[in-house]
Structures are given as C-alpha cells and as structure tokens.
Amino acid sequence: MGNEFLFLCHIALVIGVLLTLTRFGQGALVGFVALAVVLSNIFIVKQMRLFGMTLTCSDVYAVGAMLGLNMLQEFYGKRAALSASKVSLLILFFFLAAAQIHLHYAPLTGMDEAQSAFELILGVTPRLVAASLVAFAVSQRLDVALFGVLQRQSWPFAVRSSLSTFITQLVDTLLFSFLGLYGWVAAIGDIIVMSLIVKGIVILFGSSVIGLAKMYVRQSDVSV
C-alpha cells in the first residue's frame, strides 16, 4: 500500500473525526485540538517519502488542529478558540513532562523490552516539544486573530479557513523546522517545501469538506 494512498486515507480519517466530534459540542472539539497537537509531536520523529520528497508524518495532525480551532471559532466564538489554544499548550507541556518521567523510570533488568523503543521515540521530545510550544503558540494566536478578521467578511467558511490556516501553517512550519528539526533531519529544505505543499493539500481539502459539511452540522445541531 503506497504512502500516497495512505496519505489520502489519513486526511479522510482526521477530517471525518473532526466533523463527527463537532456534533458533540465544544468540549469534544477542544479535546480533538489537544489530541492532534500531541499526536503531531509524537509522529514528527518518523520520516517518509511522499510524491518523491522527504516528509515527516505529522502534518495532517498539525493542520487538523488548526481546522479544529477554526470550527470552534465559527460555532462558539473567539473566546472559545483562545481557550482551546491555551488548553492545548498546557496539555502539550504535560506530555513533555510525563514523557520525561516515563523515560527516567528504571526498567526491570532482563525483563523490560520497551525502554529502548521509548528512548528512541521520546528521547528527542524535549527539543521538539519546546520548538512546538513556540511555533504552536505563535501560529495558534495568529490563526485565531486572522480567522476573526476574515470572519467579518462575507466569504464562505472554506475560503476564510483556507487563508487563515495556510498563513499560520507557513509560520508554524518555518519556526518549527528551524527550532526543532535543523541538524537532526536530512534535507530540511525538502521537508519545509514538501510540508507546505502537503499542508496546502490538506487545508484545501479539509476546509472545502468542512465548508460543505456545515449544511450537515448546522448551528442548531451543535451541542453547547
């Protein structure tokens, strides 16, 4: 099964879950955003080839988190989106602390077989999460501000969401790549370019689907 096919399935999964959780209310959307942020930091350590270029496996989650913020702001207002941003950052910090505590537990000698795997996955977490905290804090606030400005226009949700998310993901990608990945991954230039292309695909597809789905998820259907 090729990476390109899995990539399309990945997008469909994230967008499908986001739309489903929208009907469960504000708390469900906040949980989705926070989980997507944590997942994007776990899966960043895996690299793959997609459309002939090097890429990390976390971009779909990063875009999904921003789309979740846009949905929150669309249905519940700017204050709800800002609150979700703060919660996500706090949970990301909690993940960093919990991962380090987990790594520093002394494993059972001769019996534990998981410690080396945890060290490989979580051992680079401090730098990645520190970079993510900075990049995500900046990009989330920027996304909420930009979406708020665009929300006052009469443009469709898909247009407003695509513009705000792509601009913020450009900022997020540049900040995170140089703060968290520089000197650690191969071909960082390829990763930046390919990451922006992939994020652009996810943003256009996700925003368009969500915009159409607003006919399915009406304001009156959303739980408060």
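Attention here is on the structure that accompanies the text.

## Here we look at the side chain of Ser40
For step 1, the next point in the chain: With respect to the helices, strands and loops of the structure, Ser40 is situated in helix H2 (residues 26-42).
For step 2, the next point in the chain: Overall, Ser40 belongs to the buried group, its relative accessible area being 12%.
For step 3, the next point in the chain: A polar contact is formed between the side chain of Ser40 and the backbone oxygen of Val37, at a distance of 2.7 Å.
For step 4, the next point in the chain: Once residues within four sequence positions are removed from consideration, Ser40 is found in contact with Ser58, Tyr61 and Ala62.

## Considerations on the pairing of strand S2 (residues 53-56)
For step 1, the next point in the chain: Note that strand S1 (residues 47-50) and S2 share 4 bridges and pair antiparallel. Across the sheet, residue Leu50 finds its bridge partner in S2, namely Met53.
For step 2, the next point in the chain: The antiparallel pairing of S1 with S2 creates a hairpin that spans 2 residues between the two strands, and Phe51 there sits at a positive phi of about 55 degrees.

## Thoughts on the side chain of His10
For step 1, the next point in the chain: With respect to the helices and strands, the residue His10 is situated in helix H1 (residues 3-22).
For step 2, the next point in the chain: With near-sequence residues (within four places) excluded, His10 lies in contact with Cys57, Val60 and Tyr61.

## Focus: the pattern of salt bridges
For step 1, the next point in the chain: Enumeration over the complete set of coordinates arrives at 2 salt bridges.
For step 2, the next point in the chain: For Glu74, the salt bridge goes to Arg160, with nearest N and O atoms at 2.9 Å. You can see Glu74 sitting in helix H3 (residues 59-76) and its partner Arg160 sitting in helix H7 (residues 157-181), a full 86 residues away along the chain. Like Arg160, Glu74 is buried.
For step 3, the next point in the chain: Its salt-bridge partner being Lys199, residue Asp172 comes within 3.6 Å of it at the nearest N-O pair. Pair noted here: Asp172 is in helix H7 and Lys199 is in helix H8 (residues 188-213), with a separation of 27 residues, a long-range link.
For step 4, the next point in the chain: Residue Lys199 is classed as buried on the basis of its relative accessible area, which comes to 3%.

Rules used in this analysis
- Residues numbered from 1 in each chain as written.
- Predicted model: local features only at pLDDT ≥ 70, side-chain atom pairs only at ≥ 80, totals over all residues.
- Heavy atoms only, no water.
- Helix = DSSP H or I, 4+ residues; strand = E, 2+ residues; numbered from the N terminus.
- Buried < 20%, exposed > 50% of the residue type's maximum accessible area, 1.4 Å probe, protein only.
- Polar contact = N/O pair within 3.5 Å; in protein donor to acceptor, adjacent residues only side chain to side chain.
- Contact = heavy atoms within 4.5 Å.
- Pairing = 2+ DSSP bridges.
- Salt bridge = Lys/Arg side-chain N within 4 Å of Asp/Glu carboxyl O.

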